[in-house]
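Structural overview
Chain by chain, the residues run as shown.
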Amino acid sequence: MSGRSRARRRLQIQVGEIRHRDGLLRPEWSARHPCAKIDQMARTMLVTGATGGVGAAVVRAAADRGYDVTAAGRNDVLLDRLCARTPRTSPVLLDLQHPVDLPAPLVELDRLDALVHCAGIAEVASVDETPYALWLETLTVNVAATAEITRALLPALRRADGHVVFINAAPGLHAVPRWSAYAASKAALRELADSLREEEARHGLRVTTVYPGGTATELLRKVRGQFGRPFDAADCIRPETLASVVLTALDLRDDAYLPEVSVLPAPRK
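It should be emphasised that the depicted structure is a prediction, and the values quoted were computed from it without experimental measurement. (Residues numbered from 1 in each chain as written. Predicted model: local features only at pLDDT ≥ 70, side-chain atom pairs only at ≥ 80, totals over all residues. Heavy atoms only, no water.)

**As for the pairing of strand β3 (residues 89-93)**
Working note: regular strand, side chains alternate between the two faces of the sheet. Two elements, strand β2 (residues 68-73) and β3, share five bridges in a ladder whose sense is parallel. Opposite Thr70, over in β3, you have Ser90 as the bridge partner. As a crossover connection, the stretch from β2 through helix α4 (residues 76-85) into β3 is right-handed. (Pairing = 2+ DSSP bridges. Helix = DSSP H or I, 4+ residues; strand = E, 2+ residues; numbered from the N terminus. Right-handed = clockwise from strand over helix to strand, strands pointing away.)

Structure, rendered in structure tokens:
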């Protein structure tokens with residue numbers, strides 16, 4: 001074997017060893033070797049609720065996995081801070097209480113590989129204490145805005161044979177006293193995801209619902225405090241762990257996918 005052939009052989013082995021399951025080369029290798037050819041364009045992702053505990057973890061995990069991530073939320077300071085610390089990300093202000101007029105960066109998306117819905121509100125109040133305005137806000141943010149964003153981005157998702165992920169509530173959540181608006185919104189979100197899955201299968205679109213148990217976020221701390229229940233992050237799922245579950249669902253091979261995933265905190269002795 002000639003010296004040139006041996007060199008080509010070594011290059012082929014090196015490329016094979018650093019190739020992701022989806023066929024993409026690791027960005028750090030490409031930076032060191034400008035002549036390396038990327039055989040697929042960079043994957044794109046939109047994450048809503050990107051400044052929350054779970055959303056921010058998904059943004060960081062996806063960027064680390066090689067996605068170009070659009071991080072959407074309504075707190076510009078937190079968005080800028082997240083994206084300044086996370087390569088391959090860009091912030092977009094998005095108010096889910098008014099989802100009809102989407103920001104230009106979202107409307108102009110030509111293709112979208114993954115849409116991960118992490119946004120949500122979870123006010124604790126009995127039916128007697130829940131005014132119409134709170135019902136409207138909860139159902140808008142948790143369901144209607146999610147549906148509208150998904151509808152608007154369907155052309156981009158279809159072009160990419162994309163994947164939509166809905167972060168729902170804990171497995172088996174049903175008829176929780178003092179949490180009717182939240183529980184109702186999450187039941188509706190499940191029906192939205194199930195209908196979308198059936199409708200979009202012919203376009204190659206995948207739809208996954210993730211049902212996470214207690215996750216160590218400030219939102220859960222607040223909710224448990226309102227219920228008078230203790231909060232210990234050590235007893236909860238870490239946001240980074242939940243983000244890894246989302247990325248695992250997205251990165252399955254082409255012959256299978258996960259329509260639903262339930263995630264529970266590990267038992268402690």
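That was the structure; now back to the text.
**Description of the environment of Glu123**
You can see Glu123 is positioned in the loop between β4 (114-117) and α6 (132-159). Between the C-alpha atom of Glu123 and that of Arg178, which follows or precedes it by 55 residues, the distance is 9.0 Å. Sequence-distant contacts of Glu123, defined by excluding residues within four places in its chain, comprise Leu134, Arg178, Trp179, Lys222 and Gln226. A polar side-chain atom of Glu123 sits 3.2 Å from a polar atom in the side chain of Lys222. (Contact = heavy atoms within 4.5 Å. Polar contact = N/O pair within 3.5 Å; in protein donor to acceptor, adjacent residues only side chain to side chain.)

**Regarding empty space enclosed by the protein**
Per the stated rule, a full pass over the model turns up one cavity of 30 Å³ or more. What the largest cavity holds in volume is close to 30 Å³. Around the largest cavity, the lining residues are Glu123, Val124, Ala125, Thr130, Leu134, Thr138, Ala181 and Tyr182. By residue class, the composition of the lining of the largest cavity is five nonpolar, two polar and one charged. (1 Å grid on protein atoms, 1.4 Å probe; cavity = no way out; pocket = protein on both sides within 12 Å on 5 of 7 lines; lining within 4 Å. Points joined across faces, edges and corners; volume = space filled by probe spheres on them. Nonpolar A, V, L, I, M, F, W, Y, C, P; charged D, E, K, R; others polar.)

**Some words on helix α3 (residues 53-64)**
A rise of 1.5 Å per residue sets the reference length of α3, with its 12 residues, at 16 Å; its end C-alpha atoms lie 17 Å apart and thus fit the reference within 8%. When α3 is considered as a whole, its buried residues turn out to be Val54, Gly55, Ala56, Ala57, Val58, Val59, Ala62 and Ala63. Of the surrounding secondary structure, the elements contacted by the buried residues of α3 are β1 (44-48), β2, α4, β3, β4 and α9 (239-250). Gly66, located one to two residues past α3, shows a positive phi value of around 105 degrees. (Expected span 1.5 Å × (residues − 1). Buried < 20%, exposed > 50% of the residue type's maximum accessible area, 1.4 Å probe, protein only.)

**Thoughts on the packing of α6 against helix α7 (residues 180-200)**
Axis separation between α6 and α7 bottoms out at 8 Å; the angle between their running directions is 15 degrees. Compared by their axis directions, α6 and α7 come out roughly parallel. In the crossing of α6 with α7, the sense of the turn from one axis to the other is right-handed. Residues Trp135, Thr138, Leu139, Asn142, Val143, Thr146, Ala147, Thr150, Leu154 and Arg158 of α6 lie in contact with α7, whose contacting residues are Ser180, Ala181, Tyr182, Ala184, Ser185, Lys186, Ala188, Leu189, Leu192, Leu196 and Glu200. Looking at the contact of α6 with α7 residue by residue, the class counts come to 12 nonpolar, six polar and three charged. (Axes fitted to C-alpha atoms, helices over the stretch in contact; angles between N-to-C directions. Parallel < 35°, antiparallel > 145°, perpendicular 65-115°, else oblique. Left-handed = near helix turned anticlockwise from the far one by under 90°.)

**Looking at the pairing of strand β6 (residues 206-212)**
Where burial is concerned, most of β6 is hidden: seven out of the seven residues are buried. Neither face of β6 is open: one carries Arg206, Thr208, Val210 and Pro212, the other Val207, Thr209 and Tyr211, and all of them are buried. Pairing between strand β5 (residues 163-167) and β6: five bridges, direction parallel. Along β6, the bridge assignment pairs Phe166 with Thr209.

**Some details on helix α8 (residues 218-227)**
Among all positions in α8, only Leu220, Val223 and Arg224 are buried. One face of α8 carries all of its buried residues, which in axial projection span an arc of 95 degrees. Residues of α8 that are exposed and point over 90 degrees away from its buried face: Glu218 and Gly225. Following α8 by one or two positions, Gly228 adopts a phi angle in the positive range, close to 75 degrees. (Arc of directions from axis to C-beta.)

**Topic: the packing of α3 against α9**
Remark: α3 packs on α9, axes separated minimally by 8 Å, with the N-to-C direction vectors making an angle of 55 degrees. Our classification of the angle between α3 and α9 gives oblique. For the pair α3 and α9, the sense of crossing is right-handed. Residues Gly53, Val54, Ala57, Val58, Arg60, Ala61 and Ala62 of α3 form the contact with α9, whose own contacting residues are Pro239, Glu240, Leu242, Ala243, Val246 and Leu247. Of the residues assigned to the contact of α3 with α9, the class counts are 10 nonpolar, one polar and two charged.

**Some thoughts on the nonpolar core**
The biggest cluster of nonpolar side chains holds 31 residues, and the ones touching the most others in it are Met45, Val47, Val58, Tyr67, Val116, Val246 and Leu250. Within the residue set of this core, elements represented by two or more residues are β1, α3, β2, α4, β4, β5, α9 and β7 (260-263). With seven residues, the top contributor of residues to this core is α3. The contact partners of Met45, leaving out residues within four places of it in the chain, are Val58, Ala62, Tyr67, Asp68, Val69, Thr70, Leu112, Ala114, Val116 and Leu250. Listed in part, the 25 residues of the second largest apolar core include Leu115, Ala145, Phe166 and Ala193. (Core = buried A, V, L, I, M, F, W, Y, C linked by side-chain atoms within 4.5 Å.)

**A closer look at the side chain of Ser180**
Here Ser180 is to be found in helix α7. Taking relative accessible area as the criterion, Ser180 reaches 19% and is therefore assigned buried. When sequence neighbours within four positions are dropped, the list of residues in contact with Ser180 reads Ala125, Val127 and Trp135.

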